[in-house]
Amino acid sequence: MTAGKILITGAGQGIGRATARAFLAAGWQVALLGRREAPLVEAAAGAPEALILTGDVGDPAEVDAAFGRIAAAWGRLDVLFNNAGIALPGRPIDEIAVDDWLRLSQTNITGMFLCARAAFGMMRRQSPRGGRIINNGSISADRPRPGSAPYTMSKHAVTGLTKTLALDGRAFDIACGQIDIGNALTEMTGHFADGVPQADGSLRAEPVMAVADVAAAVLHMASLPLSANIPFLTIMARDMPLLGRG
């Protein structure tokens with residue numbers, strides 16, 4: 001499709017920020033959603049096509065308010081990049097505080113559900129109807145890292161959401177796909193050069209890739225006509241040990 005209107009969640013840093021800038025550079029109108037205004041403003045870099053939205057994706061009222069602002073400003077939404085997510089330090093499941101699990105699942109599962117729900121409802125009712133939802137999964141949705149039970153569980157849930165929306169969206173011209181990312185260089189992965197726990201118990205540095213390459217992949221997925229869909233796309237640092245993880 002030609003440049004349209006996209007909402008990017010978690011747009012204030014990392015993959016979200018890089019993706020927002022890539023879409024703005026490609027001529028899209030971009031709504032940037034995150035908890036704090038300052039990083040969103042910085043990510044938008046003064047672009048007139050940017051719409052700054054502050055809110056917590058895990059809060060139903062704040063999600064509804066954000067989509068209400070999109071409807072008022074634009075009247076439609078062509079793409080949701082359902083990107084917001086958090087991680088926890090790696091440790092065995094019995095050492096993970098329940099409150100930490102609840103906090104992660106509120107963003108990584110409930111937040112994904114709420115934003116997909118709002119986007120789906122808007123896309124099926126707008127004219128012309130339809131749109132695309134791109135969920136940020138993870139390589140961990142297929143192959144976990146040691147000590148990653150909460151994060152891995154949440155990303156398996158995202159895969160279930162993607163498959164269901166890809167099926168249910170057909171009746172309303174809504175496509176849904178998932179991008180599974182491995183070792184993009186962001187604030188979350190900056191420590192990878194210092195060593196990452198491996199399945200054999202060792203600690204080894206892992207290669208990373210430029211986050212701009214991830215943004216380019218999301219832009220490619222979003223630019224397809226609605227008659228085409230990439231259900232799952234894996235993009236990773238070439239030499240990361242994914243293929244040795246089982």
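Look a little higher up for the structure.
Cut-offs and rules
- Residues numbered from 1 in each chain as written.
- Predicted model: local features only at pLDDT ≥ 70, side-chain atom pairs only at ≥ 80, totals over all residues.
- Heavy atoms only, no water.
- Helix = DSSP H or I, 4+ residues; strand = E, 2+ residues; numbered from the N terminus.
- Buried < 20%, exposed > 50% of the residue type's maximum accessible area, 1.4 Å probe, protein only.
- Pairing = 2+ DSSP bridges.
- Right-handed = clockwise from strand over helix to strand, strands pointing away.
- Salt bridge = Lys/Arg side-chain N within 4 Å of Asp/Glu carboxyl O.

Trainee: Help me understand the environment of Ala184, please; the structure alone is not making it clear to me.
Mentor: On the secondary structure map, Ala184 appears in the loop between β6 (174-182) and β7 (196-197). Residue Ala184 is classed as buried on the basis of its relative accessible area, which comes to 4%.

Trainee: What should I look at first to understand the pairing of strand β2 (residues 29-34) in this one?
Mentor: Along any regular strand the residues' side chains alternate between the sheet's two faces. Among the 6 residues that make up β2, 5 are buried, leaving the element largely enclosed by the rest of the structure. As judged from the 5 bridges shared by strand β1 (residues 5-9) and β2, these two strands associate in the parallel manner. Each bridged residue has a counterpart across the sheet, and for Leu7 the counterpart in β2 is Ala31. Viewed along the sheet, the connection from β1 through helix α1 (residues 14-25) into β2 turns out right-handed. In terms of strand pairing, β2 meets strand β3 (residues 50-54) through 5 bridges, oriented parallel. Bridge pairing in β3 places Gly34 opposite Thr54. Each parallel crossover has a hand, and for β2 linked through helix α2 (residues 37-44) to β3 it is right-handed.

Trainee: Where do I start with the pattern of salt bridges in this structure?
Mentor: Close approach of charged atoms allows side chains of opposite charge to pair. Scanning the entire structure with this criterion turns up 7 salt bridges. The residue Arg35 makes a salt bridge to Asp56 at a minimum N-O spacing of 3.5 Å. One end of the pair, Arg35, is in the loop between β2 and α2; the other, Asp56, is in the loop between β3 and α3 (60-74), and 21 residues separate them in sequence. You can call Arg35 exposed: its relative accessible area is 54%. We note a salt bridge from Arg129 to Asp173, for which the minimum N-O separation is 3.1 Å. Here Arg129 is found in the loop between α4 (98-125) and β5 (131-136), whereas its partner Asp173 is found in the loop between α5 (149-168) and β6, with 44 residues between them in sequence. In this structure Arg129 comes out as partly exposed when scored by relative accessible area, which is 40%. Judged by relative accessible area, which is 38%, Asp173 ranks as partly exposed.

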